[in-house]
Amino acid sequence: MSDNALPRKSSNGISRRGFLGRTGSIIGAVALAGHVTPAQAASPSASIADGARVPALVIGTGYGGSVAALRLAQAGVDVQMIEMGMSWDTPGSDGKIFPKVTSPDYRSFWLRTRTKAPLSNFLGFPIDKDVPKYTGILDAEDFAGITVYQGRGVGGGSLVNGGMAVTPKRANFAAVLPSVDAEEMYATYYPRANAGLGVGMIDPAWFDTADCYQFSRVGRKHAQRSGFAWTFVPDVYDWDYMKAEAAGTVTKSALAGEILYGNNAGKKSLVQTYLARARATGRVTISALHKVTSVSPAAGGGYTVAIDQINTTGDTVTTKTVTADRVFFAAGSVGTSKLLVKLKATGALPNLNGEVGKGWGENGNVMCGRANHLWDPTGKLQSTIPCSGIDNWDAGGAFAEVAPLPTGIETYASFYLSITKNPNRAEFTWNAATGAAELNWQTAWKQPSISMAKTIFDKINSKEGTIYRTDLFGGNKIWNDTLTYHPLGGAVLNRATDNYGRLHGYTGLYVIDGALIPGNASVNPFVTITALAERNIEKIIATDL
């Protein structure tokens, strides 16, 4: 895509579009002032060669895949990682690699021609906009009844999440992964994951005075006045950097509205943690803009892997066939599940068992906003990094992240992303007629999540004399019940695989990502995905290599 293909837009004064732009609404009514050059997708290392033979091939560079690559390399195994998205390492002409949430452009969405923000409206006005088709950083993948938001690029979901690094309560763990030894996880693998991810906690004293967390302090006040437990939540953001942002001594990142479409400084994504350590071994190579299309047993042992190399408009520019002694599926819950059901149905891996594709859930995600009184302003300046939550899990089945609404204006609004104990599970199946994997999720299955979230927010509204916002999701909706940020399941541990992620029916094939977790982690899931991957790869290295 040429520079000239990017749109040039200017402000419309105080027309509707201009007004929305000036509010800086959370996902992007701001018109682009000029344009920037697309970041180059080239990785520092050469991409995999057609006909190559590799000891270990990892499909995906998210949490599970990054853990596997690092530990395999440390054990002396050469690893090739295949990543469908770009290597986000080159700034555009604006000097930034990633755009703000208030200014989505071609870098923001994966192969869409129009943005699809989780908040589709602001003050009742729609805010999505046309953008050039590009291999952007956030995939809003549409299925029947739900849109699944996923990170695209080297680092996977760590590029686009809020970094909330939560270890589940020990009491809840058996419901998450019943076949896993909780003692081992909490004594060894959760600590290892938290250390590897660089997890830290906000300074409570600084929190109490920082302008950028006024929204979170209002959330605390309302929660506690209604009798709910409120808690700080760990994060992978560099909190010293955050303090420096607030002091004006470094370039602002979280305080400049950067998160949903990447964060240019401060947040420790996998690129700065596990992947950096993996690359430092000299044994790990990453091929960006490569998509695995098939895995099948090779005649001489190992597996034949077919790969499409794509360009930044999603077109296949070449196809490659390589052989891998072992293959680790780490394309995320959706990517791994779609690929496995395809491979089983099309006969590439016919011996996969009937559990493949099953047990998928959306971690009970549901969003809502509340309209506060004028004496409860939430602040013009809001950090994009959430740091607290409201816990009603035991009594009501819900935990609510007190989320930012970084519009740049005072909104008097509190915004929340809830995780709930939603029992509903969906299944991926292969549609031979369309040549695509389908998910049978139904929007009505979100009703338990809404009911559970209401145990928190109905009570707060009653206590505070406030109401729900109806201007954020279109059609006067209160709840965004058509999305998830936390897809889980589809190749569930000890069902589709053995108790360490080995796929049944095939020696040397493994699942090592969120597809192993059956639908709900009770918290933001990436620490659990990381810890489980640490557990599983340790066993695999000890017994299989």
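Here is a short report on the structure shown in this document. (Residues numbered from 1 in each chain as written. Predicted model: local features only at pLDDT ≥ 70, side-chain atom pairs only at ≥ 80, totals over all residues. Heavy atoms only, no water.)

Section: the sheet that holds strand β5 (residues 138–143)
One key point about sheets: their strands pair by backbone hydrogen bonds, in either a parallel or an antiparallel sense. If you walk across this open sheet you meet the three strands as β5-β6-β19, and the pairing is mixed. Since the sheet does not close on itself, it has two edges, and those belong to β5 and β19 (483–484), each with one partner. Relative to strand β6 (residues 146–151), β5 is paired through six bridges, and the arrangement is antiparallel. Counterpart to Glu141 in the pairing with β6 is Val148. (Pairing = 2+ DSSP bridges. Helix = DSSP H or I, 4+ residues; strand = E, 2+ residues; numbered from the N terminus.)

Concerning the environment of Asp513
Along the chain, the position of Asp513 falls in the loop between β20 (509–511) and α12 (526–544). Along the primary structure Asp513 and Val492 are separated by 21 residues, whereas in three dimensions their C-alpha atoms are 10.0 Å apart. Among the polar contacts listed, one links the side chain of Asp513 to the backbone nitrogen of Gly332, at a separation of 2.8 Å. (Polar contact = N/O pair within 3.5 Å; in protein donor to acceptor, adjacent residues only side chain to side chain.)

Focus: the sheet that holds strand β7 (residues 229–232)
If you trace the six strands from one edge of the open sheet to the other, you get β7-β13-β14-β15-β12-β18, paired in antiparallel fashion. Of all the strands in the sheet, the pair left with one neighbour each is β7 and β18 (467–468). Where strand β13 (residues 388–392) and strand β14 (residues 398–403) come together, four bridges link them in antiparallel fashion. Paired with Ile390 across the bridge in β14 is Ala400. Packed onto the sheet, helix α6 (residues 214–225) meets β7, β12 (366–371), β13, β14 and β15 (413–420) and runs at close to 150° relative to β7. (Contact = heavy atoms within 4.5 Å. Axes fitted to C-alpha atoms, helices over the stretch in contact; angles between N-to-C directions.)

A closer look at helix α9 (residues 332–345)
With 14 residues, α9 should cover 20 Å at 1.5 Å per step; its first-to-last C-alpha distance of 20 Å lies within 8% of that length. Among the residues making up α9, those that are buried are Ser333, Val334, Thr336, Ser337, Leu339, Leu340, Val341 and Leu343. (Expected span 1.5 Å × (residues − 1). Buried < 20%, exposed > 50% of the residue type's maximum accessible area, 1.4 Å probe, protein only.)

Section: the pattern of salt bridges
Scanning the model with the defined rule gives 25 salt bridges in all. In this structure, Asp130 engages Arg114 in a salt bridge whose closest nitrogen and oxygen atoms are separated by 3.0 Å. Remark: Arg114 occurs in the loop between β2 (79–82) and β3 (121–122) and Asp130 occurs in the loop between β4 (125–126) and β5; sequence separation between them is 16 residues. With a relative accessible area of 40%, Arg114 lands in the partly exposed category. For Asp203, the salt bridge identified is with Lys243, shortest N-O distance 3.0 Å. Taken as a pair, Asp203 in the loop between α4 (182–197) and α5 (204–207) and Lys243 in helix α7 (residues 239–247) lie far apart in primary sequence, 40 residues in all. Asp203 gets classed as partly exposed once you look at its relative accessible area, which sits at 30%. With relative accessibility at 29%, the residue Lys243 sits in the partly exposed group. (Salt bridge = Lys/Arg side-chain N within 4 Å of Asp/Glu carboxyl O.)

Some remarks on the pairing of β5
Among the six residues in β5, five count as buried, and that is most of the element. Hairpin geometry of β5 and β6 is characterised by an intervening segment of two residues between the two adjacent antiparallel strands and by a positive phi of about 85° at Gly145.

As for the pairing of strand β16 (residues 428–431)
By the bridge criterion, four bridges tie β16 to strand β17 (residues 436–439) in an arrangement that is antiparallel. Following the sheet pairing, Trp430 is matched in β17 by Ala437. Connecting β16 to the antiparallel partner β17 that follows it, the hairpin turn spans four residues, and Gly435 within it adopts a positive phi of roughly 65°.

Details of the side chain of Ser120
Structurally, the position occupied by Ser120 is in the loop between β2 and β3. Excluding residues within four positions of it along the chain, Ser120 makes contact with Phe125, Pro126, Ile127, Asp128, Leu472, Phe473 and Gly474.

Brief notes about the environment of Trp239
Note on placement: Trp239 falls in helix α7. Each C-alpha atom, one on Trp239 and one on Asp203, is 7.8 Å from the other, the two residues being 36 residues apart in sequence. With residues near it in sequence (within four places) discarded, Trp239 still touches Gly200, Met201, Ile202, Tyr213, Ile385 and Cys387.

Focus: empty space enclosed by the protein
The tally for this structure, following the rule as stated, stands at two cavities of 30 Å³ or more. Lining of the largest cavity is provided by Tyr63, Ser158, Asn161, Leu197, Val236, Lys267, Lys268, Ser269, Leu270, Thr273 and Phe526. Within this model, the second largest cavity holds a volume of roughly 30 Å³. In terms of lining residues, the second largest cavity is bounded by Phe215, Gln382, Val402, Ala403, Pro404, Leu405, Ala413, Ser414 and Phe415. By residue number, the principal contributor to the lining of the second largest cavity is β15, which donates three residues. A breakdown of the residues in the lining of the second largest cavity according to their chemical character gives seven nonpolar, two polar and no charged. (1 Å grid on protein atoms, 1.4 Å probe; cavity = no way out; pocket = protein on both sides within 12 Å on 5 of 7 lines; lining within 4 Å. Points joined across faces, edges and corners; volume = space filled by probe spheres on them. Nonpolar A, V, L, I, M, F, W, Y, C, P; charged D, E, K, R; others polar.)

Points about the packing of α4 against α12
Two numbers describe how α4 lies on α12: the axes approach to 8 Å, and their chain directions differ by 115°. By the angle between their axes, α4 is roughly perpendicular relative to α12. The hand of the α4/α12 crossing is right-handed. Two secondary-structure elements touch here, α4 through Glu184, Met185, Tyr189, Tyr190, Arg192, Ala193, Asn194 and Leu197 and α12 through Phe526, Val527, Thr528, Thr530, Ala531, Leu532, Glu534, Arg535 and Glu538. Along the lines of polarity and charge, the residues of the contact of α4 with α12 split into nine nonpolar, three polar and five charged. (Parallel < 35°, antiparallel > 145°, perpendicular 65-115°, else oblique. Left-handed = near helix turned anticlockwise from the far one by under 90°.)

Digging into the side chain of Thr484
With respect to the secondary-structure elements, Thr484 resides in strand β19. The buried category is assigned to Thr484, whose relative accessible area is 0%. A polar side-chain atom of Thr484 sits 2.9 Å from the main-chain carbonyl oxygen of Glu362. Contacts of Thr484, omitting those with residues within four sequence positions, involve Ile146, Thr147, Val148, Tyr149, Trp360, Glu362 and Asn365.

Remarks on the packing of aromatic side chains
Tallied over the entire structure, the rule returns 24 aromatic pairs. Their ring planes at 40° and their centres at 5.7 Å tell us that Phe207 and Trp230 sit as a pair that is tilted. Taken together, the residues span a long stretch of sequence, with Phe207 in helix α5 and Trp230 in strand β7 at a distance of 23 residues. This pair shows no difference in class: Phe207 is buried, exactly as Trp230 is. Ring centres of Trp360 and Trp441 lie 6.0 Å apart, and the angle between their planes is 80°; on these two criteria the pair is classed as edge-to-face. Of the two residues, Trp360 is situated in the loop between α9 and β12 and Trp441 in the loop between β17 and α11 (447–464); the sequence distance between them amounts to 81 residues. Residue Trp360 is classed as buried on the basis of its relative accessible area of 0%. A relative accessible area of 2% means that Trp441 is categorised as buried. Geometry around Trp110 places Arg152 over its ring, the cationic atom sitting 5.9 Å from the centre. (Phe/Tyr/Trp six-rings, centres within 6.5 Å; stacked < 30°, edge-to-face > 60°. Lys NZ or Arg CZ within 6 Å of the ring centre and 35° of its normal.)

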